[in-house]
Each structure stands twice: as structure tokens, then as C-alpha cells.
Amino acid sequence: MSDNNMVTDKELQNDERISAYLRGEMTADEEAAFKKELETDEELRSQANAVAHLAKAMRQVGEKQDEDIKEALLSSDEESVRKIAAEVTHKAKVIPLRRRLVKIVSLAACVLLLVGVGFQYYNFRTITGLGDEFGSVFVSEQSISRGAENETVAKELTSLYVNVQNGKDLDATIKRLSVLWELSTMDTFNDYTNEAPYIGWNLAIANLKNNDKDAAKGVLTRLISKTEEGSAVNVKAKELLEKIK
Amino acid sequence: MTIQMPTYSEKVLNQFAQKEWGKVQTFLKKQYTLPDDDCNDIFQESFIILMKNAKEGKLKDMTSSLSTYFLGICRNKARELLRSKKHGVNIDDDYTFDAMSDVKDEKINNLLTLDSAKSLIEQKEALARQIVHDLPKPCNELLWGFFRDNYSLQTLANMLSKTVGYVKVTKHRCQEKFRKRYGDLVKALL
């Protein structure tokens, strides 16, 4: 794989070939050559496999979404549909500026910038402060005592939670917790499923400490939907979400 | 005061409308240079037609994605409007539906057999679905447009007001991001 900034011609050609193969647009000879190359070119094989997973996932998710929309259309009436369309188009309406307003707008922008800088600092302290305030709420509950069940998972989670507590290595911690959060909230049971509430909670706190309010809100919203109504994590997540709003 | 919360259907349709409005507006302005008011009217009328077609069972035999189908309705409404106005624009020159053929299930499955770890197939597919649910911009527009709506690179470039080169490179990067994320999740699973 090329580094982050460089995409080579070969990689783009591989994309085209993979797409052509998936769409049945190759000639018999081209397809034979492509399949032969897949046997020996590990990078091409990995790319092709990933694209296949991507295409299949999009088909499955897209078909489900389309079915939901069709159901929604069937249960709607003309008035509701017209109202929805009107709301969307009117929100997006652009009003053209006139030249005589430009000076006034520029001056207002300068004032807003000064106010904005002050507000941003205040906002930073508020958001990260919430992370500190709520960060220690579940420290004792989340200490993992799984015994020999899965020591590796337990050790890793403990280490990640400690990082969140101490506000240490937040970028790497958030990245890893995000992966585990997705795993823990999958429909199929795995080593992380039972830890989902605390994984989600710590991810939200980590995002707050990292001053990423939107990410924290997203995690908390999902955490609320995934935890039992009235449970400790559910109650605290709602409380925290309310404060962030 | 009672606040009326939107129903689930209204939420679903609202999300769909918001997603489609950007595409439709860009298409109508670029292709037919229509003003805002005409774009608004076409969008609203097309939404009604979509609902009516759904109720008449016309969506059952739909072969494209719903998004592509809806854009088709908008295009037809735009052409109707232009014909009624006897507009000078050549309405037969259409950049938009440079659509590609659909991705074939058999081909997808052939490439999936290249998976080095063949166990936990269902869990892996679930992971892939989760990732595509939460794609960031512009990856969501590019990848959904390419793999689900079957838009060509040129069409995507026109929709996003970018060059084909930009679309190719960005799409590749998005695919690589998916590959990396999917790989990370699968490693954690195994």
C-alpha cells in the first residue's frame, strides 16, 4: 500500500480492473489474466477482497434502507410528503448577497471572530471539564474481574480505561476504543459484548477530554439506545448528554 | 404546549429527502441551469410521484437503487418543465445517467473466497455493514454513488463539482480506509 499522500497509477488501475471484474465488464481473456494475477499478487488480492466486502455490505445495507423508505412511503400521505420535501428545499435556499451589505457583513465578522475566540476557549474548558467531572463515575464498577476467561481482553481494557482516567494518549486510546465499541455492539456475541456499556462510556469520556463534543454525543446517544433503561450507565449517559447539549 | 414528534416514517423520509436534495439540486442546476424555485418545485413534485409510484406497486420491479430511481423522476420532471417553457437547452444531452452495470453477486462471491481467514463469515459481514453505515464525507457520497447507485466516475465528478482525477484518487483513498478499518476490526475479532 502506498503512503498516506501518494496514490500510484498501479493502484488506480487495480481499482478499475476490480470494478470491471465485479461488473462483468471484462473480456474472457482479461478475466483469465486478472484471476491469474490474483493468485500471485498479494496486494491486489487484498484490495479485491476488501472491495468485494465493501460492495456486498453496501448492497445489503442499501437494500434494507430502500425497503424502509418504501415502507415509509406506503404509510405516508401526500400532505406529509409535500411538507417534508418543502422543509428540506426551503432550508437549503440560498439568498444572494448584495454589494452594499458586504462591508457590514465584514465588520460583523470581525466582531464575531473576537467573540468567537473567547467563546471557543470557554467552550474548550466546559467540554474537557465535563470529561474530568464524569470520568471517574464508574471506576470501581468497571474494574474487570474476569479471572481466566479472557485475560488479554481484560488487561487491554484496563489499560485503556486508565488512559482515559489520566487523559493520556487520548488519540490512540480513542482509536482503539472505537474499534472495540463497534465490536462490542455487534449483534453476534464476542469477547467484548458484555463490556459494551463501559467501553462506550469510556469512549465518550475520552472524546470529551479530547474536546470532541460531537463524537462524544454520538457515542452517548448510541450508548443510551444500547443499555437498559434505568441502568446506571444508561442514567449517567442521559445526564451527561443533557449537559453537553 | 404539546410538541408533535415526527413519526418513524417521517424521520426515514426526511433523511432520504435531505440526502437526495443536494444531488438533485446539483444535477438540475448543472444540467438544465434551472433557478432555485424551479429546482424546489421539481423536487417536491417528484417526491409526491415517488410516493404515488410506491402506492401503485411500481417500485416492486425497480432494479436500480431508490436514489437512482428518484433522480430519474426528477430528470423527467425537469424535461417536462423545459418542454413546456420551450427552453433553448438541448434536453437530450444528458451527462448524468452515465450509469454502469450493476455489480454481480457471483463476482462478489468469487472475490470473497480470497479471504485468508474463512471463519466467522457472518461476523465479518456484520462488521463491513457497520463500517458502511458510518462512512464520513466525502467517502459516503463517493462509495455509495459508485457501488450502490452505479454512477460512473464522470457522473460522480459532475455531482460533486470535482474532476474525474479527484474522484478516482479520493475513491481509492476511501476504499483503503475501509480496508484498513475492516482489517482492524477483523483482527480484533479473531
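Placed above this text is the structure.
The structure presented is a predicted model; accordingly, all values stated were derived computationally and were not measured.

1. Some words on the overall build of chain A
A count of helical and extended segments in chain A gives 10 helices and zero strands. Listed by position from the N terminus, the elements making up chain A come as α-α-α-α-α-α-α-α-α-α. Residues counted as buried form 42% of the 245 residues belonging to chain A. Long-range contacts, defined as pairs at least 24 residues apart, comprise 57% of the intrachain contacts of chain A with a sequence gap of at least 6. Accessible surface, chain A as shown: approximately 14,100 Å² in total, 54% of it carbon and sulfur.

2. Brief notes about the interface of chain B and chain A
By a widely used convention, the size of an interface equals the accessible area lost when the partners come together. Each side of the interface is counted separately: chain B has 74 residues, and chain A has 76 residues. The largest contributions to the chain B side of the interface with chain A come from Leu111(B), His172(B) and Arg179(B), which together make up 10% of the buried area. Here chain B and chain A share 10 salt bridges between them. Across the salt bridge formed by Asp105(B) and Arg59(A), the nearest N and O atoms sit 2.3 Å from each other. Where chain B meets chain A, there are 30 residue pairs in polar contact (both at pLDDT 80 or more). Within the residue set of the side of chain B that touches chain A, elements represented by two or more residues are helix H1 (8-32), helix H2 (36-55), helix H4 (105-112), helix H5 (121-133), helix H6 (139-147) and helix H8 (164-189) of chain B. Of all the elements, H8(B) adds the most residues to the side of chain B that touches chain A, at 16 residues. When the residues that make up the side of chain B that touches chain A are grouped by side-chain class, the tally is 37 nonpolar, 15 polar and 22 charged.

3. Quick look at helix H7 (residues 153-160) of chain B
Residue and element names in this part refer to chain B. With six of eight residues buried, H7 is to be regarded as a mostly interior element. Looking only at H7, the buried set comprises Leu 153, Thr 155, Leu 156, Ala 157, Asn 158 and Met 159. For H7, the elements touching its buried residues are H1, helix H3 (66-85), H6 and H8. Ser 161, located one to two residues past H7, shows a positive phi value of around 55 degrees.

4. Things to note about the environment of Glu37(A)
Along the polypeptide, Glu37(A) turns up in helix H2 (residues 28-40). Excluding its chain neighbours within four sequence positions, the residues that come into contact with Glu37(A) are Arg17(A) and Leu44(A).

5. With respect to the layout of surface pockets
Which parts of space are left empty comes out when a probe the size of a water molecule is rolled across the atoms. When its volume is computed, the largest pocket comes out at roughly 1,700 Å³. Listed by contribution, the elements that provide at least two residues to the lining of the largest pocket are helix H3 (42-74) and helix H9 (213-226) of chain A together with H1, H5, H6 and H7 of chain B. Per-element accounting of the lining of the largest pocket gives the leading share, 10 residues, to H1(B). Tallied by class, the residues present in the lining of the largest pocket amount to 14 nonpolar, 14 polar and 15 charged. Looking at which domains feed residues into the lining of the largest pocket, each of domain 1 (10-85) and domain 2 (98-189) of chain B gives three or more. Its boundaries defined by the atoms lining it, the second largest pocket holds a volume of some 730 Å³.

6. So, empty space enclosed by the protein
The final tally for this structure, using the stated rule, is one cavity of 30 Å³ or more. Its boundaries defined by the atoms lining it, the largest cavity holds a volume of some 40 Å³. Elements represented by at least two residues in the lining of the largest cavity include exactly H3 of chain A together with H5 of chain B. The dominant element in the lining of the largest cavity, judged by the number of residues it contributes, is H3(A), at five residues. Each residue belonging to the lining of the largest cavity can be placed in one class, and the counts come to four nonpolar, two polar and two charged.

7. Structural notes on the packing of helix H1 (residues 9-22) of chain A against H3(A)
Residues and elements named next belong to chain A. One way to put it is that H1 packs onto H3 with a least axis distance of 10 Å and a crossing angle of 50 degrees. By the angle between their axes, H1 is oblique relative to H3. Handedness of the H1/H3 crossing: right-handed. Between H1 and H3, the contacting residues are Glu 11, Asn 14, Asp 15, Arg 17, Ile 18 and Leu 22 on the first element and Leu 44, Gln 47, Ala 48 and Val 51 on the second. In terms of residue class, the contact of H1 with H3 is made up of five nonpolar, two polar and three charged.

8. Considering the packing of helix H7 (residues 170-184) of chain A against H8(B)
When two helices pack together, their arrangement is given by the angle between the helix axes and the distance between those axes. The geometry of H7(A) relative to H8(B) is characterised by a closest axis approach of 10 Å and an angle of 70 degrees between their N-to-C directions. As the angle between them shows, H7(A) and H8(B) are arranged roughly perpendicular. The two elements H7(A) and H8(B) meet at a crossing, and its hand is right-handed. Across the interface between the two elements, Lys175(A), Arg176(A), Ser178(A), Val179(A), Glu182(A) and Leu183(A) from H7(A) touch Lys180(B), Arg181(B), Asp184(B), Leu185(B), Ala188(B) and Leu189(B) from H8(B).

9. A short note on the pattern of salt bridges
Per the stated rule, a full pass over the model turns up 27 salt bridges over all chains. Glu56(B) is the salt-bridge partner of Lys58(B), the closest N and O atoms lying 3.2 Å from each other. The class of Lys58(B) is partly exposed, set by a relative accessible area of 46%. Shared partners join several salt bridges into a network, and the residues in it are Glu78(A), Arg82(A), Glu45(B) and Lys52(B).

Reading the values: the criteria
Residues numbered from 1 in each chain as written. Chains lettered and ligands numbered in written order. Predicted model: local features only at pLDDT ≥ 70, side-chain atom pairs only at ≥ 80, totals over all residues. Heavy atoms only, no water. Helix = DSSP H or I, 4+ residues; strand = E, 2+ residues; numbered from the N terminus. Buried < 20%, exposed > 50% of the residue type's maximum accessible area, 1.4 Å probe, protein only. Contact = heavy atoms within 4.5 Å. Areas by Shrake-Rupley, 256 points an atom, 1.4 Å probe, with all protein chains shown as cover. Buried area = accessible area lost by both parts, 1.4 Å probe. Salt bridge = Lys/Arg side-chain N within 4 Å of Asp/Glu carboxyl O. Polar contact = N/O pair within 3.5 Å; in protein donor to acceptor, adjacent residues only side chain to side chain. Nonpolar A, V, L, I, M, F, W, Y, C, P; charged D, E, K, R; others polar. 1 Å grid on protein atoms, 1.4 Å probe; cavity = no way out; pocket = protein on both sides within 12 Å on 5 of 7 lines; lining within 4 Å. Points joined across faces, edges and corners; volume = space filled by probe spheres on them. Domains from an automatic or database assignment. Axes fitted to C-alpha atoms, helices over the stretch in contact; angles between N-to-C directions. Parallel < 35°, antiparallel > 145°, perpendicular 65-115°, else oblique. Left-handed = near helix turned anticlockwise from the far one by under 90°.

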